[in-house]
Structures are given as structure tokens and as C-alpha cells.
Amino acid sequence: MPAVGIDDLAIYVPKLYIDYKDFAEARGIDPQKLEYGIGIKKMALADANQDSACMAANACLKLMQRNRLHPQDIGRMYVATESALDESKAMNSFVVGMLEQIYGEGSFEHAGGIECKFACVSGSYALYDNANWIRAEENSGKAAIVIVSDIAKYDIGSSGEYTQGAGAVAMLITKNPRLMAFDQKVASTIIKNEYDFYRPFGKETPLVNGTYSNLLYLIQVRKAFDSYKERAIKSGLIKLQDGESITDHIDFFSVHLPYRKMGEKALAYLLRHEWRHLPRWKNVIKEIGMAEPHPKDQRGTIESILADTEFMKADEKFRRAFMQTSYFNEVFEKKMASSLEASAIIGNLYTASMYMGLRSLLEFEYKKGTDLEDKRVGFGSYGSGSSAMVFSGIIQPDYKEIVKRMDLEQDIGERVKLPIEVYERLHRNEKTCSEFLARPHKEFVLVKVGGLTADKAGFREYVYVK
Ligand code: HMG
């Protein structure tokens, strides 16, 4: 089977942001809680003339221009988002409309694609399906583009408010990719009907059970990881020696990042799960100086765990102590820390979070001088509602061609810090498209929503600003 994966990826991040210190002061929160407890310094915000479709188009245009792609080179364009603009019209149709302003009307007509939804995990399903479309040689030699784009918006004053963000990542999926080839036949999923985080029709912000969502994320990703492990060992992709953990065979971890600290917690949860039966665990316990607590109810369901408050308290203490150990820190610094840099200065991007994390990992490891060739990246993708997907990929010999030009600061451009009152007005949708706050440059913007007559109600007009 041919190698298929991500050939290149481009990002778009809106220029507006709020600073964590201003936010903490306005909400009466200790800024240290945001900086260390959550791991956020700057949250990116969509401007009054931006939505998830124009961010998606901006990321896609960058990807196409950089790779000198013509629409004829693209056979599929999928947009994964949970910031949909229409109950019926797919976001990729808006994106195609914008791109055709550059490439000519009808230039994408030959292509296909859909909008995908499953909270933050749908981009991973879109990648998987498009990679298989290419593997099956249904693609007539054409590439696929998968775009993940979202605006994470929570109620003012809620605990979710400090996990907001906005942005898009566009990924070019090809045969023999320069950047990363997906490991085949190991991608594993899990799905369950849950209400950890959801957004009923007509509601702009989600209903969230924060504590429940945190634990559910950990459990679901771990379950998908168990299935990944089984498949990776069975297929011979990974061969374990005595005393080894499968995590020893994964060089980097890139996981869903609703906020930076969640990445660290996910790694801690996974390592505990994978190490507790290995000889090394004795040394870990020795360094921690306390035994690992176990829930009273051995079923280990999320409800029984949450109900066991004594266990939850002891487990929090143990988890924090584990995250201080040299064992955890060695893995964290080597295999995850670089993937979290972008999250701290952008915030939650829902579908795009994990892929912004991948981009961050590549850029900052490259800048550290790490040789990335042939290294395996393990992905832990999570979407509330809920589903998780675990898969992996190998960084390809030509990766430097792509990674050497990555520069997050330059890609975001000059940022505009908003006073909290202005952010709140933007949040309450009090500004019209023409009242934007950052000057657009070489990008698509929204200029009008709705027409004068009822049949034009959902029309959205975008222009490219040179
Ligand atoms: P919270 O009420 O801020 O939580 O809600 P907290 O009070 O437990 O504080 C968080 C951390 O800050 C804790 O550290 C505190 O100890 C620490 P931890 O125990 O985790 O290590 N802290 C401090 N640290 C330093 N100095 C201080 C201080 N005070 C406290 N002074 C929560 C946090 C994430 C729950 C909330 O922001 C929320 O509800 N967010 C939205 C939901 C969410 O992001 N859930 C994550 C998992 S679900 C998911 O990822 C899917 C999602 O992306 C949606 C989708 O799939 O589409 C959300």
C-alpha cells in the first residue's frame, strides 16, 4: 500500500487577542491559575468581519499558494468544524466560493467534499477518510485538502471563558507525502452517547460539565489507545521487548488541546495506565513516596469514579506528584512540550487544536535541532459527545523542506491586544462586519450577512482584501 499522509500544512490565526493578565483582573482570578493551572497567556479572537469559513479559506489559500497548487490538483476538500454557519449548506461550499474569487469561477467544480461534525474529533475522521480515498486510488492522481477551523466561544463569566480561541489549519493529503505518512491499519476509535459538552441548535455557546468533560476525555482517549496498542502489536508495527511500554515506541505525542494543561494531564494519565504494570513503576512510586490510590468501585465507570470523592481527592494528589517526577518530566519534555507552545498563545481551536499542536511540535523541535526523520508521532484526538481516535504517523525524510519555513509569530502576524470591554462587546456580537478591529491584509473577510429579502437571509458575502 502506498504511503499516504500530510504533505504540508498551513495555519490561520486571527490577529485579535486578549491577554491573560487583563482577563484575570477583570474576572477576579489569580493570573497564576491561568498561566499555570490552565496554561494560557493569550487567547485569539475572531474579528467582527471573520467567521470559521473565512479562517478556513485563509488557511487553504496559504497552503495552495505556498505549494503552487491549482484547483485541478485537488480532488476533495473537507472542512471539519463545530462552528457551522448553516444547518444545510456545508462550510466547504463557502470556502470554495472564496477560493474561486482567486482561481476563477468554476475552478473547483470537478472536486468534491463535505463538512464534517463530531465536536473536536471530526478533523481526524476527515483525514482518515481522505487518506483512504487516496490509498484506494479513487483519486485520479489528485490530492485532498482537509481544513479544520473553529471559534471556541463560551459564556462570559463561565469557567470555559478562559479556554476560548480561534483559528484554522489546512492540510494537504497526498501519496508519498513530504511531511508525515500515517501508520496503516492501526487507527482506533471509540464512541459513546455523552453530554459532557454540547451546543443545542440556535445556541452560540456550549453547555459544559467541565469536570466530567476532563475525565471523559482521559478515559475515552485511553480506551482508543488500548485498541491502537492491540492493533499495533498484532500487526507487527510495534514490537515490545520485556519491560517495555508502547509509549517507549512513540517519539512524540500530539493530543487534543482544549487548553495547554490538558495535554500534560492526558500524557500523565496515559503513562500511568501504561507503566503501572511494568518494573519501572516501583521506582516511580519510590520517587512519589505514596501508593497509587484505587477507586472503591472496581467497575471504573466515569460515574462511579466521580462519585468516589475520597478516591478523586487522593488521585488528584497522586497525579500532581507523578507530574513532578523525573520519570514523567523526561517524557514530557522530550515528547510533548513542543506541541503545547502554540496552545498557550492561541487557546482552544476545537477541531484545529491538535493539528495546531502538531504544527507547534514540528516547528519547535526543529528549532531545538532535533532530528525528526523517521520519528513516530502518536495522536490522541478527542471530541465531546463523545468519540476519540488514536492513530500515528512517521515523519518523512523530506520533512525539513516543509518545517524549515515554519514560524508561528510570522504566520500570525502583528497581533492586536483588546481591552476587556472591547472583547466583551465583540463577544456579545455588538459589532457589524464593517466595525472590524484589525486591518485585514491579503485575506478573505466577511462583508455582509443576509440580504434585503427573506430568500437571501442566510447569504454570506466575502471579499479578498489585497
Ligand atoms: P476550573 O473551574 O478553572 O478548574 O475549570 P479548577 O478550579 O480545577 O482549576 C484548573 C487548574 O488550575 C487546577 O489544576 C487548579 O489546581 C489550578 P489541576 O488540578 O488541573 O492541576 N489552579 C491554580 N494554579 C496556579 N495558581 C492558582 C490556581 N488556582 C487553581 N492560584 C475547566 C477548568 C477546564 C473545567 C473549565 O475551563 C472548562 O469547563 N472548560 C471547558 C471544557 C473543557 O475544556 N474541557 C476539557 C475536556 S473536554 C474537551 O477537550 C472537548 C472540548 O474541546 C470540546 C469539543 O470536543 O468540541 C471542550
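Data block above holds the structure.
Definitions and limits used
- Residues numbered from 1 in each chain as written.
- Predicted model: local features only at pLDDT ≥ 70, side-chain atom pairs only at ≥ 80, totals over all residues.
- Heavy atoms only, no water.
- Near = heavy atom within 4 Å.
- Polar contact = N/O pair within 3.5 Å; in protein donor to acceptor, adjacent residues only side chain to side chain.
- Areas by Shrake-Rupley, 256 points an atom, 1.4 Å probe, with all protein chains shown as cover.
- Helix = DSSP H or I, 4+ residues; strand = E, 2+ residues; numbered from the N terminus.
- Nonpolar A, V, L, I, M, F, W, Y, C, P; charged D, E, K, R; others polar.
- Buried < 20%, exposed > 50% of the residue type's maximum accessible area, 1.4 Å probe, protein only.
- Core = buried A, V, L, I, M, F, W, Y, C linked by side-chain atoms within 4.5 Å.
- Contact = heavy atoms within 4.5 Å.
- Phe/Tyr/Trp six-rings, centres within 6.5 Å; stacked < 30°, edge-to-face > 60°.
- Lys NZ or Arg CZ within 6 Å of the ring centre and 35° of its normal.
- Pairing = 2+ DSSP bridges.
- Axes fitted to C-alpha atoms, helices over the stretch in contact; angles between N-to-C directions.
- Parallel < 35°, antiparallel > 145°, perpendicular 65-115°, else oblique.
- Salt bridge = Lys/Arg side-chain N within 4 Å of Asp/Glu carboxyl O.

## Looking at the site of the ligand
- Near the ligand you find 30 residues, and of these E82, S159, Y162, K265 and R320 are the closest.
- In the model, an oxygen atom of the ligand is placed 2.8 Å from a nitrogen or oxygen of the H256 side chain.
- Between the ligand and the protein, one listed contact pairs an oxygen atom with a side-chain N or O atom of N348 at 3.4 Å.
- Here the ligand, which alone exposes 1,100 Å², has 78% of that area covered by the protein.
- For the shell around the ligand, the secondary-structure elements that each account for two or more residues are α2 (31–38), α6 (210–234), α7 (260–275), α10 (309–322) and β13 (376–383).
- Examining the composition of the shell around the ligand, we find that four residues originate from one element, α6, more than from any other.
- Here the shell around the ligand is composed, by residue class, of 10 nonpolar, 12 polar and eight charged.

## Notes on unusual backbone geometry
- Here the bond from G385 into S386 is cis, since omega is -5°, no more than 30 degrees from zero.
- With respect to the helices, strands and loops of the structure, S386 is situated in the loop between β13 and β14 (387–395).
- Even without being glycine, A119 reaches a positive phi, approximately 45°.
- Taking the relative accessible area as the measure of exposure, A119 reaches 11% and is therefore buried.
- The phi dihedral of N429 falls on the positive side, at around 55°, and the residue is not glycine.

## Quick word on the nonpolar core
- Counting residues in each nonpolar core, the largest one holds 65 residues, and the members touching the most others are L34, Y228 and F322.
- When residues of this core are assigned to their parent elements, the largest contribution, 11 residues, is made by α6.
- Among residues more than four places away in sequence, those in contact with F322 are A268, L271, R272, W275, W281, V284, I288 and F328.
- Membership of the second largest hydrophobic core comes to 48 residues, among which are V148, L349, I395 and Y399.

## A few points about the packing of aromatic side chains
- Per the counting criterion, the structure on display carries 18 aromatic pairs.
- Within the aromatic cluster, the residues linked to one another by ring pairs are W275, W281, F318, F322, F328 and F332.
- One cation-aromatic arrangement involves K89 over F94; the distance from NZ or CZ to the ring centre is 4.6 Å.
- The residue whose ring lies beneath K456 is F459, and the NZ or CZ to ring-centre distance is 5.4 Å.

## Looking at the side chain of R178
- Residue position: R178 is located in the loop between β7 (165–175) and β8 (180–182).
- Within polar-contact distance, the side chain of R178 engages the side chain of D7 at 2.5 Å.
- Only 2.8 Å separates the side chain of R178 from the side chain of N67, close enough to count as a polar contact.
- Here R178 is in contact with I6, D7, D8, N67, Q396, D398, Y399, E401 and I402, once residues within four sequence places are set aside.

## Here we look at the sheet that holds strand β2 (residues 16–19)
- Read from one edge to the other, the open sheet built from three strands follows the order β3-β2-β15, with strand pairing classed as mixed. Bordering the open sheet on either side are β3 (42–45) and β15 (416–417), each of which pairs with just one other strand.
- The sheet contact formed by β2 and β15 spans two bridges and is parallel. Residue pairing for β15: Y17 is matched across the bridge by K417.
- Its contacts with the sheet put helix α1 (residues 20–27) on β2, β3 and β15, and the angle it makes with β2 is roughly 60°.

## Let's talk about the packing of α7 against helix α12 (residues 337–346)
- Viewed as axis vectors pointing N to C, α7 and α12 meet at an angle of 155°, and their least axial separation amounts to 8 Å. Here α7 lies roughly antiparallel to α12, going by the angle between them. When α7 is examined against α12, the residues R260, G263 and E264 are found in contact with a partner set consisting of A337, L340, S343 and A344.
- Residue composition of the contact of α7 with α12, by class: three nonpolar, two polar and two charged.

## A few points about the pattern of salt bridges
- All told, the structure shown has 29 salt bridges when counted by the stated rule.
- For E443, the salt bridge identified is with K15, shortest N-O distance 3.6 Å. Residue E443 is located in strand β16 (residues 443–449), and its partner K15 is located in the loop between β1 (4–12) and β2; the two are separated by 428 residues in the primary sequence. The burial state of E443 is the same as that of K15; both residues are buried.
- With a closest N to O distance of 2.9 Å, R359 and E363 form a salt bridge. Of this pair, R359 and E363 are both found in helix α13 (residues 353–368), four residues apart, which corresponds to roughly one turn of the helix.
- On the accessibility criterion, R359 (2% relative accessible area) is buried.
- With relative accessibility at 2%, the residue E363 sits in the buried group.
- Through salt bridges with shared partners, one network takes in K62, R359, E363, K367 and D411.

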